[in-house]
Amino acid sequence: RRTVARDPADGRAVVLGGRLGRAELSWAWDLSSALVRDVRLAIDGVRVSLTLEDRDGAAPGSSDDGDDHAGAGHLGPSAPVENPESDWKAGYLRQIVDHLTLIVDDVEISIETGGGRVVLRADDIRLRTTERGGGADAPLEQTLALGSVRGHVESAPGPGPGTLPLVDDFGYEATVRRFAGRRFDGLLSGLAVDGAGGPRSAVRVH
């Protein structure tokens, strides 16, 4: 848990919390070339929560104290940084990252409010590299598939329905082309996304 914002007037804080159920990295060796093939990172049971808390009721570990010690582990002058473009190990590692298949399942993002909770859930998210021809500087072509995304609102205990629909279940597929930067550099820049239409790609918000 970590405080990400605070209102100085009344001391209320927005606290970010989360946990990860399981992460598994797997790969296969190509014995003919001694190269790593079919690298997969599978992540399961992701929970992320945003909660508005009074300062007096904040849980231990939800303060900003960790920011003051962000650089405590760096003592003395920094070691020389090797040029990653000329380092074959960095280039090999970059090739593995570029061709890694990312699989994320059982994701829940919740926003706690005074009157209840907004919950978004997603399953079977897959990001896979499809092509990178023409050398290391060629655009990275990927496919993104969202198997299931939906959302609902859970009201506070009391009269009325306990759960209300927010977003109906939908799926989505797209071709993602990175024309600038490296893979996983950022989610909102250097990407061209071309969505594929389908019967489940329409989003209905209540």
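Before any of the text, the structure's been laid out above.
Nothing here was measured: the structure is a model prediction, and the numbers come from that model. (Residues numbered from 1 in each chain as written. Predicted model: local features only at pLDDT ≥ 70, side-chain atom pairs only at ≥ 80, totals over all residues. Heavy atoms only, no water.)

What follows covers the overall build of the chain. Within the chain one finds one helix and eight strands. Of the regular secondary structure in the chain, the N- to C-terminal order runs β-β-β-α-β-β-β-β-β. Here the chain holds 206 residues, and the buried ones make up 25% of them. When contacts within the chain are restricted to residue pairs at least 6 apart in sequence, long-range pairs at least 24 apart make up 54% of them. Surface exposure of the chain reaches about 13,700 Å², of which carbon and sulfur atoms provide 57%. (Helix = DSSP H or I, 4+ residues; strand = E, 2+ residues; numbered from the N terminus. Buried < 20%, exposed > 50% of the residue type's maximum accessible area, 1.4 Å probe, protein only. Contact = heavy atoms within 4.5 Å. Areas by Shrake-Rupley, 256 points an atom, 1.4 Å probe, with all protein chains shown as cover.)

Judged by nonpolar contacts, the single largest core of 14 residues is most densely connected at Ile43, Val46, Leu102, Val104, Val107, Ala122 and Ile125. Among the elements of the structure, strand S3 (35–53), strand S4 (101–113), strand S5 (116–131) and strand S7 (163–178) are those that each provide at least two residues to this core. When residues of this core are assigned to their parent elements, the largest contribution, four residues, is made by S3. Apart from the residues within four sequence positions on either side, Val104 is in contact with Ile43, Val46, Asp123, Asp124 and Ile125. (Core = buried A, V, L, I, M, F, W, Y, C linked by side-chain atoms within 4.5 Å.)

Before going further, it helps to spend a moment on the side chain of Glu108. Following the sequence through the fold, Glu108 ends up in strand S4. In contact with Glu108, other than residues within four places in its own chain, are Val46, Arg47, Val48, Arg117, Val119, Leu120 and Arg121.

Position of Asp123 among the secondary structure elements: in strand S5. There is a polar contact of 3.1 Å between the side chain of Asp123 and the backbone nitrogen of Asp106. Polar contacts involving the side chain of Asp123 include one to the side chain of Arg150, which spans 2.6 Å. (Polar contact = N/O pair within 3.5 Å; in protein donor to acceptor, adjacent residues only side chain to side chain.)

A few words on the environment of Asp106. Residue position: Asp106 is located in strand S4. Residues within four places of Asp106 in sequence aside, it is in contact with Asp44, Gly45, Val46, Arg47, Arg121, Ala122 and Asp123. Here Arg121 takes part through its side chain, which lies 2.8 Å from a polar atom of the side chain of Asp106.

Next up on the list: the environment of Arg150. Turning to its location among the elements, Arg150 is positioned in strand S6 (residues 140–155). Apart from the residues lying within four places of it in its own chain, the contact partners of Arg150 are Val119, Leu120, Arg121, Ala122, Asp123, Val167, Asp168 and Asp169. Among the polar contacts listed, one links the side chain of Arg150 to the side chain of Ser148, at a separation of 3.1 Å.

The next thing to look at is the environment of Gly115. Looking at where Gly115 falls in the secondary structure, it is placed in the loop between S4 and S5. For the pair Gly115 and Glu154, spaced 39 residues apart in the sequence, the C-alpha separation amounts to 8.7 Å.

With that settled, the discussion passes to the pairing of S7. Direction of pairing for S6 relative to S7: antiparallel, over a ladder of twelve bridges. Pairing of Gly151 across the sheet is with Val167, part of S7. Where S7 meets strand S8 (residues 191–196), six bridges bridge the pair, whose relative direction is antiparallel. Opposite Ala174, over in S8, you have Gly195 as the bridge partner. (Pairing = 2+ DSSP bridges.)

If you walk through the whole model with that rule in mind, you get ten salt bridges. Residues Asp106 and Arg47 are paired through a salt bridge, measuring 3.1 Å at the closest nitrogen-oxygen approach. With Asp106 in strand S4 and Arg47 in strand S3, this residue pair connects regions lying 59 residues apart in the sequence. Each of Arg47, Asp106, Glu108, Arg117, Arg121 and Glu154 takes part in salt bridges that share partners, so that together they form one network. (Salt bridge = Lys/Arg side-chain N within 4 Å of Asp/Glu carboxyl O.)

Interpretation in functional terms is not warranted from these geometric data alone.
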